[in-house]
Amino acid sequence: MRQTVNGADFRRLIINAAASIEIHKQALNELNVFPVPDGDTGTNMSMTIHAAANDLRRVEDPTLEKAASTAASAMLRGARGNSGVILSLLFRGISKKLKGAEECDGVLWASAMQEGVNAAYKAVMKPAEGTILTVARLAAAKAQQAAQENSYFEYVHEAAIAEAKEALANTVNQNPVLKKAGVVDAGGKGWVIALEAMLLALRGEDVTAPEEESAAPVKEQASFSDFADSDITFTYCTEFIISRENDRDPEQLRAFLGELGDSLVLVDDDEIIKVHVHTNDPGTALHEAINYGSFVTVKIENMRLQHTEKVLSEAEKAPKIAEPKKPIGAISVCVGDGISDVFLNLGVDGLISGGQTMNPSTQDILEVVNQVPAETVFVLPNNKNIIMAAEQVNALTPKNVVVIPSTTIPQGVTAMLSLNPDGSVEENTQAMTEALETVDTMQITYAARNSDYDGFLIHEGDYLALYGGALFGTSRDIRVLLKSLAEKVRDEGREFITIYYGADVKEKHAQKAADIFAEICPQADVNLLKGGQPVYYYLISAE
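What counts and how
Residues numbered from 1 in each chain as written. Predicted model: local features only at pLDDT ≥ 70, side-chain atom pairs only at ≥ 80, totals over all residues. Heavy atoms only, no water. Helix = DSSP H or I, 4+ residues; strand = E, 2+ residues; numbered from the N terminus. Buried < 20%, exposed > 50% of the residue type's maximum accessible area, 1.4 Å probe, protein only. Contact = heavy atoms within 4.5 Å. Salt bridge = Lys/Arg side-chain N within 4 Å of Asp/Glu carboxyl O.

Chemist: Which parts of the structure should I look at to understand the environment of Gly42?
Modeler: Position of Gly42 among the secondary structure elements: in helix H3 (residues 41-57). When its relative accessible area of 0% is taken as the criterion, Gly42 is described as buried. Residues in contact with Gly42, not counting those within four places in the same chain, are Ile21, Lys25, Leu28 and Asn29.

Chemist: What am I meant to see in unusual backbone geometry here?
Modeler: In this model, Asp61 sits at a positive phi of 50°, which is unusual for a non-glycine residue. Relative to the assigned elements, Asp61 resides in the loop between H3 and helix H4 (64-78). Classification of Asp61 by relative accessible area gives exposed; the value is 69%. In this structure, Val535 takes a positive phi of about 70° despite not being glycine. Inspection of the secondary structure assignment puts Val535 in the loop between strand S15 (525-530) and strand S16 (538-542). What makes Val535 buried here is its relative accessible area of 16%.

Chemist: Would you explain the environment of Leu264 in this entry?
Modeler: Tracing the sequence through the fold places Leu264 in strand S2 (residues 261-268). Here the alpha-carbon distance between Leu264 and Ala53, two residues 211 residues apart in the chain, equals 14 Å. In this structure Leu264 touches Arg254, Leu257, Gly258, Val275, His276 and Val277, once residues within four positions along its chain are discounted.

Chemist: Explanation requested: the pattern of salt bridges in the structure shown.
Modeler: Pairing between side chains of opposite charge can happen when the charged atoms of each approach one another. All told, the structure shown has 18 salt bridges when counted by the stated rule. For the salt bridge of Glu251 with Arg254, the shortest nitrogen-to-oxygen distance reads 3.0 Å. With Glu251 and Arg254 both in helix H11 (residues 250-260) and three residues apart, this pair spans about one turn of that helix. On the basis of relative accessibility, which here comes to 39%, the residue Glu251 falls in the partly exposed class. Overall, Arg254 belongs to the partly exposed group, its relative accessible area being 24%. For Lys488, the salt bridge is made with Glu492, and the minimal N-O distance between the two is 3.3 Å.

Given below as structure tokens:
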């Protein structure tokens, strides 16, 4: 049983967790109870932790503090969606507690897990039971109890996993929506998967995700000017794929290459062996490898030359922060050419591509914020699952970032209409936030899966109508839903209706939808715009 972990161990723990979450990504996505086609908890958690795994692979022989801080920084910038942000905050707290430590035993690990929980709870305004927060909190509490019994890291981590599993199973009883669907919380499940994969790494069992090299790229890059050419121990980055032609054990090749260099990654299946290794003698590596089969691909690169080239170009590639030329600016998250044009015409300084099916990361939002030549930048997330990622940006830029918690495109549009470039930050924050409550948002999409949700028996492929984020109705005939929504708007006495039709809707069909609203709501001004958004056939605002 392992008593402590060091920096190399911690790096392996994170890389294993990232691989395991990637493997289970789709299963986590499908735990999302809401039947609209935007279930993305697994995707968000995977992309977030893969940012850390990718950065850690670039760090050779890290100290514990370096490994933990690298992981935390990468996850913060790569965080996507609420589940990804919470995951990043858990590791941010862990990193904070591991600062200055050379090794981590069970006592320190329990304390670090609790610090992670504290950081996550602090960022969530209204934490609910039956979520990843619950699972992480109870696991950390059990870890602290276990640490008083036994100070070994592995003992404490095992105890945390056992409690996390029990807490996860109970989430179905804590959330009525989960209980009705008979599923556990997706984010909590992701945390359990991560903890279990970390334990496997601790015991020397590596998890390998399929096509791991094709994981989503991370925009943040290591700084090559931070180390000198002399810091490169092995000159040649050697990569190759072998077609397996005999029964020789690839573990023998792993052991041989491990003695020949470092940064070794060896992945094998029944057909190939894929190798990445840094070495001063690539010829010897290839000579040994050919005993296992024929080469499919070979690539050898001189890292000293690469280092020189990267240092020379790094200054040009460094992110630039626009000098303030005005007091206030604004950016918006949106997708679809028509909706983008609406926001640009309203005066936003920048757009971030993203929405229901692809949440932008904190880094994505940060880059656009930094391009705005203003002292204060208002951010319109226009999606409840992007708000938390946007809220992390303020700590990463010298600009003042104010997130207006818009959860839909119509709310974002209304907020922009309330922005006064000559007003103060406080006045605009109040006006834009209050404007969010003046607009009702309706959306029509389709069911991605069968579901029994909120009193509706839903079949895959049904049209779904949402009103204010809640399920309003379902039908095989989209006109039935349009008429029901129009009647709701009429009964609410709304005067201004804007219909944004999506990429999959023809203009003639969209005009018929507008005609339905005009007929049922004769007192209202109905406008039809091409939004071009994916997934959602119609986004409808009523004021």
